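# Notes for the structure review
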Amino acid sequence: MHEIVLKLVGVCRTAKLLTQLHSLTIRTGLLYDTHLAAKLTELYVELLPVHNARKLFDEIPHPSIYTCNRILQRFCGNKRYEEVLSHFSSTFLFEKPDHFTLLFVLKACSALNALNFGKTIHGLGKKHGNIDSNMFLGSGLIDMYSKCGNMDDALRTFEEYSKPDIVLWTTLVTGYEKNFKPDEALAVFTGMVMTRGVIPDPINLVTVVSACTQLLNLKAGKNIHGFLIRKGYENPLPLFNALLNLYTKTGSIEYAGSLFRIIEEKDVISWSCMISCCAHNGATDRAISLFDEMIYKGVEPNSVCMISALQACEASCNIEKGRKIHELAFQKGLERDILVSTALIDMYMSCCAPNEAIMVFDRMLNKDAVSWFTLLCGCVQNGMANKSMQIFCDMMASDIQPDATMMVKILGSCSELGVLQLTCCLHGYVIRGGFISNLFIGASLIECYAKCGSLEEAIEVFERLTDKDVVIWSSMFAGYGIHGQARESIKLFHRMVTDSTVRPNKVTFLSILAACSHAGFVEEGIEFFNMMLNEYQLMPESKHYAIIVDLLGRTGELEKAMCIINQMQSQVGPHVWGALLSACKIHQNAEIGEVAARNLLRLDPDHAGYYILLSNVYAVDGKWDDAAELRSSIKEKELKKITGQSVVKL
DNA sequence: TTAGGGTTAG
């Protein structure tokens, strides 16, 4: 009888048969058998709704601790963690839980972030036995504290163990790494390496490499790579993938490529890492061909990999390939993934196809803050001011709240657009959302108002900020500069130096110099340039030089400007030569103008504007043949100067 | 007749 029932349990797949078997075993007393009871318990969880499963379980006469654990284990396996806790609370009121029980419950506490419940389990463990003798319980406890974000208790638990094994060490390192404390993670790892008898294994090293990735510490990661080669671990794929990720994030495309080549059995993660590495490090065509190769080899793409491939299309403006990947994502049902849809919106927006992006967005069943934000920034990027305002209003109406980082980006987009009305809306939200004292947002608002033409509002935001940092001050100098008020900008600079402890940086001087240049304050500009060099010992960059060349150019001191350029230690950027060339045109100096223009065309040979500037220089100097020759070479090369445009918001 | 640590993402 017992054998027959056991066989029936083995083939039972329906709730009806299960209920019949249950009644039979109750009637015949077979449920006293622990093995049979455990098997039936598994089936209750698999085939019945929760309350029925619990009801039948409660009817088992005197279930053994093993049987009780089985139901917890099954709930855990099915990620039904709330049921683990509730079942534990009701069943183990009078039962004495064992180490297995506690482990399942701890797993549920970790998943549910139930710190207090977890602490009770820690207490129970201590009450019922010697914790130090059980490493399994130790790792469960450390894992639970880590996942609840409580690293102090995780460390205290770890210290309760006199001889922690490799898993215990790894759990602690992982805890720090996952809680974004990579320095502590590496410190614990160092402690582990110095402990006799504990040798890092591939799983342990995965976590350590992740910590290195957070720190962008390529050197430490490469040491680990060397160590694993020396140890000759067999195909540690997750470790290879973690290293690929480190090389990706540090832009080490060469290392990533050579590691990728030697991985024999690549999984979708290896491919995704390599595609992402190429997409983010300028090798977009290679990223796309890797994606094609992966599909050709029959590796099933997942959403992460689609996102990386879409980013490659976005970076290279390859809308055709982007559309093909979109089609594939649709076929695979991955378009439903909110991250994939957002990547599609990003791709279409960057490829100047806003309507296709909007179609993707409209089809999305669930939209989060990032998808709204991507759509909004994309519309701004494509010059669709009205649409972006409408999107902002729709987003607020949908109860989606942008966070501080997003507000900074939206404000940045808005300042590019220059629509005052949108800035006012965003300002209102900044106040209501409690972001007004956030310095990043403050600086963005100042810039935004200044660029939208309302210097008064910019000043008001500036004055209301009590703790102004160097970025806030610099934004205000730049704001005055945009409005041609260099005198005010300089006055404010002196106020900053005398009334605050803030020390100007390179950006501060760039703002002040730009203000001087805009208003034609030549002497003051040169004075600030010298102050930057001598008093604050800041090394000027190409942008600073461009302004100083522009200022000298205005007074016709072209030789002096040329001399400064020749003495530059940083690379001479196009703005510097451009400023010199413009000055040469005004002061009719074809000789220096030619030097400037030749350098500009070397930096960017397809820039039609530079040819036109040089031909103008020739023209004012009476060199009509040279001017004509240049104009015809523009035609030959089929270069077109992009026409300047202005927008007036009515 | 149950048990612990790991990789990719807007």
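- As named in an unreviewed UniProt entry, chain A is Pentatricopeptide repeat-containing protein, taken from Anisodus acutangulus.

### Here's the deal with the overall build of chain A
- Along its length, chain A carries 38 helices and zero strands.
- Scaling as 2.2 N^0.38, a compact globule of 650 residues should have a C-alpha radius of gyration of about 26 Å, whereas chain A reaches 33 Å, well beyond that.
- Dimensions along the principal axes, computed over C-alpha positions, put chain A at roughly 115 × 60 × 55 Å.
- Counting over 650 residues, chain A shows a buried share of 48%.
- Long-range contacts, defined as pairs at least 24 residues apart, comprise 62% of the intrachain contacts of chain A with a sequence gap of at least 6.
- Counting only carbon and sulfur atoms, one obtains 54% of the accessible surface of chain A, whose full area is about 32,900 Å².
- Of the side chains in chain A, 62 bear a positive and 70 a negative charge, and the two mean positions are spaced by 5 Å.

### Regarding the pattern of salt bridges
- Scanning all chains against the criterion turns up 23 salt bridges.
- Salt-bridge contacts for Asp 292 lead to Lys 321; the nearest nitrogen and oxygen are separated by 2.7 Å. Placement of Asp 292 in helix α18 (residues 284–296) and of Lys 321 in helix α20 (residues 319–331) is noted, with a sequence separation of 29 residues between them.
- Where Lys 491 meets Glu 488, a salt bridge forms, and the shortest distance between an N and an O atom there is 3.7 Å.

### Quick notes on the protein's contact with DNA strand B
- Near DNA strand B lie 42 residues; those nearest to it are Lys 178, Asn 241, Lys 249, Leu 339 and Asp 368.
- Sorting elements by how many residues they give to the surface near DNA strand B places helix α11 (residues 166–178) first, with seven residues.
- For the surface near DNA strand B, a count of residues per class yields 18 nonpolar, 16 polar and eight charged.

### Quick notes on the packing of aromatic side chains
- A complete count under the given rule lists 14 aromatic pairs for this structure.
- With a centroid separation of 4.8 Å and an interplanar angle of 65°, the aromatic rings of Phe 158 and Trp 169 are classed as edge-to-face. Linking Phe 158 in helix α10 (residues 151–159) with Trp 169 in helix α11, this pair joins segments that are eleven residues apart in sequence.
- An angle of 65° between the planes, with centres 5.7 Å apart, marks the rings of Phe 529 and Tyr 545 as edge-to-face.

### What about the side chain of Thr 171?
- Here Thr 171 lies in helix α11.
- Owing to a relative accessible area of 13%, Thr 171 belongs among the buried residues under this scheme.
- In this structure, Thr 171 is in contact with Ser 139, Ile 142, Asp 143 and Ser 146, ignoring residues within four places of it in sequence.

### Digging into the environment of Gly 525
- By secondary structure assignment, the location of Gly 525 is in helix α32 (residues 522–534).
- Spatially, the C-alpha atoms of Gly 525 and Leu 552 are 9.5 Å apart, while their sequence positions differ by 27 residues.
- Apart from residues no more than four positions distant in its own chain, Gly 525 is found in contact with Leu 513, Cys 516, Ile 548 and Leu 551.

### Section: a nonpolar patch on the surface
- Residues Ile 4, Leu 8 and Val 11 make up a contiguous nonpolar surface patch of about 270 Å² in total accessible area.
- Looking at Ile 4, the relative accessible area reads 54%, which means it is exposed.

### Topic: the nonpolar core
- Ranked by size, the top nonpolar core spans 219 residues in total, and within it Tyr 44, Phe 291, Phe 528 and Leu 580 carry the most contacts.
- Those residues in contact with Phe 291 that lie beyond four places of it in its chain are Ile 275, Pro 301, Cys 305, Met 306, Ala 309, Ile 325 and Leu 328.

### Quick word on the environment of Val 105
- If you trace the backbone, Val 105 turns up in helix α7 (residues 99–112).
- Classification of Val 105 as buried rests on a relative accessible area of 0%.
- For the pair Val 105 and Glu 82, spaced 23 residues apart in sequence, the C-alpha separation works out to 9.9 Å.

### Focus on the packing of α7 against helix α8 (residues 115–128)
- Two numbers describe how α7 lies on α8: the axes approach to 9 Å, and their chain directions differ by 160°. Considering the angle they form, α7 stands roughly antiparallel to α8. As α7 packs across α8, the resulting crossing turns out to be left-handed. Contacts between α7 and α8 involve Leu 102, Val 105, Leu 106 and Cys 109 on the former and, on the latter, Phe 117, Gly 118, Ile 121, Leu 124 and Gly 125.
- When the residues that make up the contact of α7 with α8 are grouped by side-chain class, the tally is seven nonpolar, two polar and no charged.

### A look at the side chain of Asn 204
- By the element assignment, Asn 204 lies in helix α13 (residues 202–215).
- At 3.1 Å, the side chain of Asn 204 and the side chain of Thr 170 are in polar contact.
- Those residues in contact with Asn 204 that sit more than four places away from it in its chain are Ile 166, Thr 170, Phe 189 and Met 192.

### Some points on α8
- The terminal C-alpha atoms of α8, which comprises 14 residues, lie 20 Å apart, in line with the 20 Å expected from a rise of 1.5 Å per residue.
- Along α8, the residues classified as buried are Gly 118, Ile 121, His 122, Leu 124 and Gly 125. Along α8, the residues classed as buried sweep out an arc of 160° about the axis, all on the same side. Set apart from the buried face of α8 by more than 90 degrees, the exposed residues are Asn 116 and Lys 127.
- Those residues of α8 that are buried are in contact with α6 (81–91), α7, α9 (135–147) and α10.

### Examining the UniProt feature "repeat: PPR" (unreviewed entry) in chain A
- Under the UniProt annotation, "repeat: PPR" (unreviewed entry) lies at residues 165–200, 267–301, 368–402 and 438–472.
- In this annotation, residues 165–200 is assigned 72% helix and 0% strand; the end-to-end C-alpha distance for the span is 10 Å.
- With 74% helix and 0% strand, the stretch residues 368–402 has end C-alpha atoms that lie 10 Å from each other.

### Brief notes about helix α17 (residues 268–280)
- Compared with an ideal rise of 1.5 Å per residue, which puts 13 residues at 18 Å, α17 spans 18 Å between its outermost C-alpha atoms and is within 8% of the ideal.
- With eleven of 13 residues buried, α17 lies mostly within the body of the structure.
- Against the buried residues of α17 lie α15 (237–249), α16 (253–262), α18 and α19 (303–315).
- Gly 282 sits one or two residues past α17 and shows a positive phi near 80°.

### Here's the deal with the packing of helix α3 (residues 34–47) against helix α4 (residues 50–58)
- Running from amino to carboxyl end, α3 crosses α4 at an angle of 160°, the nearest separation of the two axes being 8 Å. Classed by the angle they form, the pair α3 and α4 counts as roughly antiparallel. Seen along the crossing, α3 lies across α4 with a hand that is right-handed. The segment α3 lies against α4, with Thr 41, Tyr 44 and Val 45 engaging Ala 53, Leu 56 and Phe 57.

Rules used in this analysis
- Residues numbered from 1 in each chain as written.
- Chains lettered and ligands numbered in written order.
- Predicted model: local features only at pLDDT ≥ 70, side-chain atom pairs only at ≥ 80, totals over all residues.
- Heavy atoms only, no water.
- Helix = DSSP H or I, 4+ residues; strand = E, 2+ residues; numbered from the N terminus.
- Rg over C-alpha atoms; globule rule 2.2 N^0.38 Å.
- Buried < 20%, exposed > 50% of the residue type's maximum accessible area, 1.4 Å probe, protein only.
- Contact = heavy atoms within 4.5 Å.
- Areas by Shrake-Rupley, 256 points an atom, 1.4 Å probe, with all protein chains shown as cover.
- Lys, Arg positive; Asp, Glu negative; His and termini not counted.
- Charge placed at Lys NZ, Arg CZ, Asp CG, Glu CD.
- Salt bridge = Lys/Arg side-chain N within 4 Å of Asp/Glu carboxyl O.
- Near = heavy atom within 4 Å.
- Nonpolar A, V, L, I, M, F, W, Y, C, P; charged D, E, K, R; others polar.
- Phe/Tyr/Trp six-rings, centres within 6.5 Å; stacked < 30°, edge-to-face > 60°.
- Patch = residues over 30% accessible without salt bridge, like charges linked within 9 Å, V, L, I, M, F, W, Y side chains within 5 Å.
- Core = buried A, V, L, I, M, F, W, Y, C linked by side-chain atoms within 4.5 Å.
- Axes fitted to C-alpha atoms, helices over the stretch in contact; angles between N-to-C directions.
- Parallel < 35°, antiparallel > 145°, perpendicular 65-115°, else oblique.
- Left-handed = near helix turned anticlockwise from the far one by under 90°.
- Polar contact = N/O pair within 3.5 Å; in protein donor to acceptor, adjacent residues only side chain to side chain.
- Expected span 1.5 Å × (residues − 1).
- Arc of directions from axis to C-beta.
- UniProt positions renumbered as here; feature names shortened; annotations may be inferred.

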